[in-house]
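# Chain and residue survey
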Amino acid sequence: FEENKEKLTNLISSHLIGYEIDRVYKVDLAILYLACTELKYFETPSAIVVNEAVELAKKYSTEKSPRFINGVLADIVK
């Protein structure tokens, strides 16, 4: 992860509309890093990655987080 962190940070940052990466809730950021790692470096289908990330957000984050994470990941997948 560490060797790819800068690439992943840039990827996530470029798809945050109206947010700065340092203002994103840390749990959401961890979920985004995990999902982006799976999307870029593994062959997991994007629909599964997005769904699992949203489910993690529902369980471990705020009530607005699933929608936020879904939006960011949907933009990344495009």
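So, here's what we can say about the structure. Model, not experiment: these values are computed from the prediction.

Scanning the protein for helices and strands turns up 4 helices and 0 strands. The order of helices and strands in the protein, counted from the N terminus, is α-α-α-α. Computed over the C-alpha atoms, the radius of gyration of the protein is 11 Å, within 12% of the 12 Å expected from 2.2 N^0.38 for a compact globule of 78 residues. A principal-axis box enclosing the C-alpha atoms of the protein has dimensions of 30 × 25 × 20 Å. Across the 78 residues of the protein, 38% fall into the buried class. Of the contacts formed within the protein by residues at least 6 apart in sequence, a portion of 62% connects residues at least 24 apart. About 5,400 Å² of surface is accessible on the protein, with carbon and sulfur atoms providing 52% of the total. Measuring between centres, the 10 positive side-chain charges of the protein sit 5 Å from its 12 negative side-chain charges.

Closest axis-to-axis distance for the helix α2 (residues 26-41)/helix α4 (residues 65-77) pair is 11 Å, and the angle between their directions is 30°. By the criterion of interaxial angle, the relationship of α2 to α4 is roughly parallel. Where α2 crosses over α4, the handedness of that crossing is right-handed. Of α4, the residues touching α2 (which contributes D28, I31, L32, A35, C36 and L39) are S65, F68, I69, V72, L73, I76 and V77.

For the structure shown, the criterion picks out 1 aromatic pair. On the basis of an interplanar angle of 65° and a centroid distance of 5.0 Å, the ring pair of Y19 and F68 is categorised as edge-to-face. Residue Y19 is found in the loop between α1 (5-14) and α2, and its partner F68 is found in helix α4; the two are separated by 49 residues along the sequence. On the accessibility criterion, Y19 (45% relative accessible area) is partly exposed. By relative accessible area, which is 17% here, F68 ends up buried.

Conventions we followed
Residues numbered from 1 in each chain as written. Predicted model: local features only at pLDDT ≥ 70, side-chain atom pairs only at ≥ 80, totals over all residues. Heavy atoms only, no water. Helix = DSSP H or I, 4+ residues; strand = E, 2+ residues; numbered from the N terminus. Rg over C-alpha atoms; globule rule 2.2 N^0.38 Å. Buried < 20%, exposed > 50% of the residue type's maximum accessible area, 1.4 Å probe, protein only. Contact = heavy atoms within 4.5 Å. Areas by Shrake-Rupley, 256 points an atom, 1.4 Å probe, with all protein chains shown as cover. Lys, Arg positive; Asp, Glu negative; His and termini not counted. Charge placed at Lys NZ, Arg CZ, Asp CG, Glu CD. Axes fitted to C-alpha atoms, helices over the stretch in contact; angles between N-to-C directions. Parallel < 35°, antiparallel > 145°, perpendicular 65-115°, else oblique. Left-handed = near helix turned anticlockwise from the far one by under 90°. Phe/Tyr/Trp six-rings, centres within 6.5 Å; stacked < 30°, edge-to-face > 60°.

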